[in-house]
Amino acid sequence: MEDFLAGMFGTSISTERRLALFTVPERRARFFGDLESASKVASKLAESQNVYFGVGLIQGTPTGRGKQEDIAGIVALWADVDFAGDAHTGKALPADEVDFQRLLAELPLRPSVIVDSGHGRHLYWLLHEPWLFTDDSERTQAAHLAKAWHELVCTAAQRQGWSLENLGDLTRVLRLPNTVNRKHPGAPVPVQLMLADFDRRFSIDDFENYLPTEKPSS
């Protein structure tokens, strides 16, 4: 778990830019200035809770998980791909790994990291350097980019007949590998790291030529 977080966040975590952990069903946010403490607490919480981590680093002392203005920076772009099944009903979604590979083939850039979330996949495209915001305009720029990139993934899924939700907001929390997905009552499943190429990194410019021209969905 600590290795995963170190590969994702590197040395960008500090007392000024903290890692957020969020747990369900207790719906409590915790913030950490070092990865060792975060990993130890997350491992203990995973014995009874769904454990998520924030893709955006937190500044200040926010209420709950925080709002966009509480995000100090990001280290990656991301996408959340749900699979059809008992945990996600009533939507047209990829059914399995075969469908997921079809979706991957539609994307212009291969992700650096893929996590089996238990009932789907989480994808991350790591940046060469953490994008640490110097002002609100940078934060807004990052918010638009993250939303637009997730929209690209949603559009690729749409071409295959699937409907994904755009979860590209800067305050997004996603499941932490080496924890347990307890969404489906009575059938907990592990959250596992499937691919981790921490040397595969991108600049902001790498994404720009592929962004959808339409406004990202909210």
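Residues numbered from 1 in each chain as written. Predicted model: local features only at pLDDT ≥ 70, side-chain atom pairs only at ≥ 80, totals over all residues. Heavy atoms only, no water.

(A) Region of the structure containing the pairing of strand S1 (residues 19-24). Burial analysis of S1 places five of its six residues in the buried class, which makes it a mostly covered element. Two elements, S1 and strand S2 (residues 28-32), share five bridges in a ladder whose sense is antiparallel. Bridge pairing in S2 links Ala20 to Phe31. Counted along the chain from S1 to the antiparallel partner S2, the turn is three residues long, and its residue Arg27 has a positive phi close to 55°. Alignment of S1 against strand S3 (residues 50-54), held across four bridges, turns out to be antiparallel. What sits directly across from Thr23, in S3, is Val51. (Buried < 20%, exposed > 50% of the residue type's maximum accessible area, 1.4 Å probe, protein only. Helix = DSSP H or I, 4+ residues; strand = E, 2+ residues; numbered from the N terminus. Pairing = 2+ DSSP bridges.)

(B) Molecular detail of the packing of aromatic side chains. Throughout the structure, instances matching the rule amount to eight aromatic pairs. Relative to Phe207, the ring of Trp149 has its centre 4.8 Å away and its plane inclined at 70°; by these criteria the two rings are edge-to-face. Within this pair, whereas Trp149 is found in helix H4 (residues 136-159), its partner Phe207 is found in helix H5 (residues 204-208), the two being separated by 58 residues in sequence. Across the pair, exposure class does not vary: Trp149 and Phe207 are buried alike. One aromatic cluster is present, built from ring pairs that chain together Phe4, Phe9, Phe53 and Tyr124. Here the basic side chain of Arg121 rests over the ring of Phe100, its NZ or CZ set 5.8 Å away from the ring centre. (Phe/Tyr/Trp six-rings, centres within 6.5 Å; stacked < 30°, edge-to-face > 60°. Lys NZ or Arg CZ within 6 Å of the ring centre and 35° of its normal.)

(C) Representation of unusual backbone geometry in the model. With an omega of 20°, the peptide bond running from Val24 to Pro25 counts as cis. Mapped onto the secondary structure, Pro25 falls in the loop between S1 and S2. Look at Arg27: it is not a glycine, yet its phi comes out positive at around 55°. With respect to the secondary-structure elements, Arg27 resides in the loop between S1 and S2. Taking the relative accessible area as the measure of exposure, Arg27 reaches 57% and is therefore exposed. In the Ramachandran plot, Asn178 falls in the positive-phi region, its phi being about 70° despite a non-glycine side chain. Note on placement: Asn178 falls in the loop between strand S8 (173-175) and strand S9 (180-181).

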